[in-house]
Structures are given as C-alpha cells and as structure tokens.
Amino acid sequence: MFRRRRIFRPAPAPRRLRAPLMALAGVLIVAGLSGIGLPPDLMGSAPREQDWSALAAEVRVVDGDTLRLGDRTLRLSGIDAPERGQSCSDAAGRWFDCGAAAAEALSRLVNGRSVLCRVHGRDRFGRGLGRCTAGGAELNTGLVTAGWALAYADDDVAMRLVETEARLAGRGLWAGNFTRPDAWRRRN
C-alpha cells in the first residue's frame, strides 16, 4: 500500500515554556498599563512649568482674571477678580458691573501687545494657571495695583502688600463697595 507523506507538520509547542511566557506577558501588560518604564510625558504628564505666549492678534480677554492665548485658556494665578455681571458701587453709590470693569482694566494692561506667561499648573476647570506679562508689564500684579483684583493666595505676602496699598489709596474696587468675588460666586 501506498502511504502519503506529510511534508510539513508544525512542531508542537513546548509545554515547559508556556507558563514562563504567560507570566512574562502578564508582567509586561501590568507595567504598560501602569506606565512603569515609560517616558513621563508619554502618559500625559506635562512639565511642572511651561512658557505660553501669544501674539497680540491671538490674545483675548475673557474676564478680569482670564485670557485666551490662541486656542489655550489661562487664568492669572494669585489673584481673584469680580465676575462679569457682578455689581459693585462707586464712591458716589452708583451701581456698575465691576466684572466688566475688571476685564476692561486687564484689556488696558494688555493694550494690544503680545503676552508671555509662565504656567505652573492648572485650575479645577483645566485652565492653565500662570503669571503673565505684556510688553514688560506684569498683568497679575498690575490688576491688584489698580484695585481691580484681590490677592488670592494667603502665602503671597508681596501680593497682599500690593492689595493693601490699593485699598488704602481707594483704587478700583476699593473706591466704593463690593462683595468679594469668591463670596459673590458662592451666593450665585
């Protein structure tokens, strides 16, 4: 009788290597999911500080403490400005939208110039947090000096001193009566 010969037959998988290979695959999967051994920026981490800049045509004032730099939104750190629609009174007791006035003050500080910011984190809304300058003028401190923003961080002694100076001089918000922006947000 004539028998057919098989020319190719796959070799059986060695059973003694199966368990170590499965263990190695498991370790690699766990390491990959946890990010061990990967470059830090591959898993979405960003450097602690970044420089953001925008040409004058790309800068938009959102409100008294927020800027749009091209497609990115940045909140000025260490300060708190009134929200648009927040009412304050001037020295004569007339009511006005102090949030819009704070935004206008920030717009005057930017004055159609390019903006450079040192971003050092993000706020709870995902906006960059940073200190910015426009044409050499420091925007964060400038708003507090003009009285259109309050010092936000208790640990920033220099900013607190600038706020005290603006209050004693009766500039901006300090010229009349206002509700602190954080208290106004909690009520609304």
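Each chain has its residues counted from 1, following the order in which its sequence is written. Selection of residues for local features in this predicted model requires a pLDDT of at least 70, selection of side-chain atom pairs for listing and counting requires 80 or more, and totals for whole chains, interfaces and linings are taken over all residues. Values shown for side chains rest on all heavy atoms present in the structure; no hydrogens or waters enter the calculation.

*Asks:* Before we go on, may I ask you to explain the overall build of the chain in this structure?
*Replies:* Here a strand is any run of E in DSSP of at least two residues, a helix any run of H or I of at least four, and the numbering for each starts at the N terminus. Each helix and strand counted, the chain has 5 helices and 11 strands in total. Burial classes: relative accessible area under 20% of the type maximum marks a residue as buried, over 50% as exposed, and values in between as partly exposed (1.4 Å probe, protein chains only). Per-residue burial for the chain yields a buried fraction of 30% across its 188 residues. The contacts in the chain between residues at least 6 apart in sequence include a share of 54% that link residues at least 24 apart. Any two residues having at least one pair of non-hydrogen atoms within 4.5 Å are treated as being in contact.

*Asks:* I keep staring at the state of the cysteines and nothing clicks. Help me out?
*Replies:* Here, the word disulfide means a covalent bond between the sulfur atoms of two cysteines. Our working definition of a disulfide is a cysteine sulfur pair at a distance within 2.5 Å. Following the criterion strictly, the structure yields 2 disulfides and no others. The residue that forms a disulfide with Cys88 is Cys98, at a sulfur-sulfur distance of 2.0 Å. Since a negative S-S torsion denotes a left-handed disulfide, the Cys88-Cys98 link at about 50° is right-handed. Taken as a pair, Cys88 in strand β6 (residues 87–89) and Cys98 in helix α2 (residues 98–110) lie far apart in primary sequence, 10 residues in all.

*Asks:* What is the right way to look at the pairing of strand β9 (residues 128–134) in this model?
*Replies:* The two faces of a sheet get side chains in turn, since along a regular strand they alternate between them. Here β9 lies mainly inside the structure; 5 of its 7 residues are buried. When DSSP finds two or more bridges between a pair of strands, those strands are recorded as paired. Bridge analysis of strand β4 (residues 72–76) against β9 gives 3 bridges, and the strand direction is parallel. Its bridge partner lying in β9, Leu74 is registered against Gly128. With 7 bridges joining them, strand β8 (residues 115–122) and β9 adopt antiparallel strand pairing. From the neighbouring strand, Leu116 faces β9, where its bridge partner is Thr133. Between β8 and β9, which pair antiparallel and follow one another directly, the connecting turn spans 5 residues, one of which, Gly126, has a positive phi of 90°. Pairing geometry for β9 and strand β10 (residues 137–138), over 2 bridges, is antiparallel. Looking at the pairing, Thr133 lines up with Glu138 of β10.

*Asks:* Help me understand the nonpolar core in this model?
*Replies:* Across soluble globular proteins, nonpolar side chains show a tendency to be buried alongside one another. Nonpolar core, defined: a set of buried Ala, Val, Leu, Ile, Met, Phe, Trp, Tyr and Cys residues in which side-chain atoms within 4.5 Å join the residues together. Membership of the largest hydrophobic core comes to 33 residues, with the highest contact counts inside it found for Leu67, Leu69, Leu76, Val115 and Leu139. In terms of residues, this core owes the most to one element, α2, which gives 6 residues. Leave out the neighbours within four places in its chain, and Leu76 touches Gly64, Asp65, Leu67, Leu106, Gly130, Cys132, Leu139, Asn140 and Leu143.

*Asks:* Would you explain a nonpolar patch on the surface in this entry?
*Replies:* In this scheme, patches are assembled from residues that exceed 30% relative accessible area and form no salt bridge. Like charges are connected within 9 Å, while nonpolar side chains (Val, Leu, Ile, Met, Phe, Trp, Tyr) are connected within 5 Å. The accessible surface values rely on the Shrake-Rupley method and a 1.4 Å probe; as for residues, cover is taken only from the protein chains in view. When a carboxyl oxygen of Asp or Glu lies within 4 Å of a side-chain nitrogen of Lys or Arg, that pair is called a salt bridge. Where nonpolar side chains cluster on the molecular surface, the patch consists of Leu21, Leu24 and Leu28 and spans about 310 Å² of accessible area. Assessed through its relative accessible area of 47%, Leu24 is described here as partly exposed.

*Asks:* I'm lost on α2 in this one. Help?
*Replies:* An α-helical turn contains 3.6 residues, so any two residues separated by three or four positions project in the same direction. To estimate how far a helix should extend, the number of its residues minus one is multiplied by 1.5 Å. Taking 1.5 Å per residue as the helical rise, α2 with its 13 residues ought to reach 18 Å, and the 18 Å between its terminal C-alpha atoms agrees with that figure. Cys98, Gly99, Ala101, Ala102, Ala103, Ala105, Leu106 and Val110 are the residues of α2 that are buried. Capping the start of α2, Asp97 holds a side-chain oxygen 3.1 Å from the backbone nitrogen of Gly99, two or three residues further along. Residues adjacent in sequence count toward polar contacts only when both atoms are side-chain atoms; beyond that, a polar contact is any pair of N or O atoms within 3.5 Å, and within protein one must be able to donate a hydrogen and the other to accept it.

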